[in-house]
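A structural walkthrough
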Amino acid sequence: MVRWRSGVVSSVGRRWRGVVTLDVSVGPSTVRALAYPALTGEPVAGDRVLLNVGALEMGLGTGGFALVVALPDRLPPDPPVPASRDSGHLVKARYTPLQAIVLGVDEEASPHRAVMESVDSVDGMPVVVADLHSALPAILAGVGPELSVAYVMTDGGALPAWFSRTLDGLRGHLAGTVTVGQSFGGDLEATTVHSGLLAARHVLHADVTVVTQGPGNLGTGTAWGFSGVAAGEAVNAAAVLGGRPVASLRLSDADPRARHRGISHHSLTAYGRVALAPADVVVPAPPPPFVEGALAELASRHRIVHVPVEGLEAALKVSPVPLSTMGRGLEADPWYFLAAAAAGRHAAALTRSG
């Protein structure tokens, strides 16, 4: 289950919001490690650290770090406000050793409680749903800078929002991040996708909201064994709250795995079988030749919308964060990013059409 190691911090490396990277001496070896100071305290050179090295030893691309579990000889102080119902009682990563207690956006102690108690609709807000976290900056490029965009991060991938260097680089380009379910570390915390969407609309005042899992999609290569199934459930949540669901397709002619070439089986399953509410399924126009045959599986339930991609490649090239999916960038896998950007462009058009 957990592969434990004990080591000593030899040096402190790169930082981004909520994260610090470390080199840790473990016996004769040095491993790269990652710590969340809000959970563990601030590590410094010479600290003894307890590590979980499971993802590192498995060679996972997204999660290929040893993770700092604790600084056992120098524990951090308690938070300045005692944990109580008045200061927040949402428990995320529940009943794990590093469960975090946060203030929910709709809790009694939240400054947004009155707003959240009074709303039950997102008032026709377009909600762009995608399978992978890597679609977020491409969708944002398609929406453009004129509209306010919020991000609702689900718990299918990384639980701490801090893990995402994409989110760190998009500060100033997003109205904010709402972490929902077991995920945490966003600008706002919510219990469900539903309350997260309401917060995005009425607290962050978003014109458009994007829903994806955090980085680190989980998949087994089977029809139903992948965390992106939740994309279909997000479509349903957007619809039941009076939003306008927009489905971003996972397209590729570069993925070496047959199940992800053309329209990924993730999209076909999440939108074609899990999403019960109709969505606008966006197809880049002119469409790549490999998509037409698979669209029939989606057209019986959803509206197929062809969106011109002229100008989107230029917008993607000036993204404030690097574009990468499964190790492939824009040049290596252009249809993946163009499809996501087209979904963003369509969402922006929906806001203008009322």
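It should be noted that the structure appears before, not after, this text.
Description of the structure in this document. Just so you know, these numbers come straight off a predicted model, no measurement behind them. (Residues numbered from 1 in each chain as written. Predicted model: local features only at pLDDT ≥ 70, side-chain atom pairs only at ≥ 80, totals over all residues. Heavy atoms only, no water.)

Empty space among the atoms becomes apparent when a probe as large as a water molecule is rolled across them. Here the structure, examined in full by the defined rule, presents two cavities of 30 Å³ or more. Approximately 60 Å³ is the volume found for the largest cavity. Around the largest cavity sit Val-129, Ala-130, Asp-131, Thr-154, Val-211, Thr-212, Gln-213, Ser-227, Gly-228, Ala-230, Ala-231 and Ala-234, which together line it. Going through the elements one at a time, strand E12 (208-213) and helix H7 (230-240) are the ones with two or more residues in the lining of the largest cavity. Class assignment of the residues belonging to the lining of the largest cavity gives a composition of six nonpolar, five polar and one charged. Roughly 40 Å³ of volume is contained in the second largest cavity. Lining the second largest cavity we find Ala-130, Asp-131, Leu-132, Ala-135, Ser-248, Leu-249, Arg-250, Tyr-336 and Ala-340. By residue class, the composition of the lining of the second largest cavity is six nonpolar, one polar and two charged. (1 Å grid on protein atoms, 1.4 Å probe; cavity = no way out; pocket = protein on both sides within 12 Å on 5 of 7 lines; lining within 4 Å. Points joined across faces, edges and corners; volume = space filled by probe spheres on them. Helix = DSSP H or I, 4+ residues; strand = E, 2+ residues; numbered from the N terminus. Nonpolar A, V, L, I, M, F, W, Y, C, P; charged D, E, K, R; others polar.)

This next bit is on the packing of aromatic side chains. Tallying each qualifying case throughout the model produces five aromatic pairs. An angle of 90 degrees between the planes, with centres 6.4 Å apart, marks the rings of Phe-65 and Phe-163 as edge-to-face. Here Phe-65, found in the loop between helix H2 (54-58) and strand E5 (66-70), pairs with Phe-163, found in the loop between strand E9 (149-154) and helix H5 (165-169); they are 98 residues apart in sequence, far enough to count as distant. The pair Phe-65 / Phe-163 is uniform in exposure class, with both members buried. Between Phe-290 and Trp-335, the ring centres sit 6.4 Å apart and the planes meet at 85 degrees, which makes this aromatic pair edge-to-face. Here Trp-335 lies in helix H11 (residues 334-353) and Phe-290 lies in the loop between strand E16 (280-285) and helix H9 (292-299), a separation of 45 residues in the sequence. Put simply, the rings of Tyr-36, Trp-162 and Phe-184 pair up and form one aromatic cluster. Positioned above the aromatic ring of Phe-65 is the side chain of Arg-32, whose terminal nitrogen or guanidinium carbon lies 4.2 Å from the ring centre. (Phe/Tyr/Trp six-rings, centres within 6.5 Å; stacked < 30°, edge-to-face > 60°. Buried < 20%, exposed > 50% of the residue type's maximum accessible area, 1.4 Å probe, protein only. Lys NZ or Arg CZ within 6 Å of the ring centre and 35° of its normal.)

Turning our attention to a nonpolar patch on the surface. Together, Met-1, Val-2 and Trp-4 make up a nonpolar patch on the protein surface, roughly 440 Å² of accessible area in all. Position of Val-2 relative to the elements: it lies in the segment before strand E1 (4-16). (Patch = residues over 30% accessible without salt bridge, like charges linked within 9 Å, V, L, I, M, F, W, Y side chains within 5 Å. Areas by Shrake-Rupley, 256 points an atom, 1.4 Å probe, with all protein chains shown as cover. Salt bridge = Lys/Arg side-chain N within 4 Å of Asp/Glu carboxyl O.)

Let us now look at the pairing of strand E17 (residues 303-308). In this structure, E16 lies alongside E17, joined through six bridges in parallel fashion. From the neighbouring strand, Pro-284 faces E17, where its bridge partner is Val-307. Chirality of the crossover, the property in question, places the unit of E16, H9 and E17 among those that are right-handed. (Pairing = 2+ DSSP bridges. Right-handed = clockwise from strand over helix to strand, strands pointing away.)

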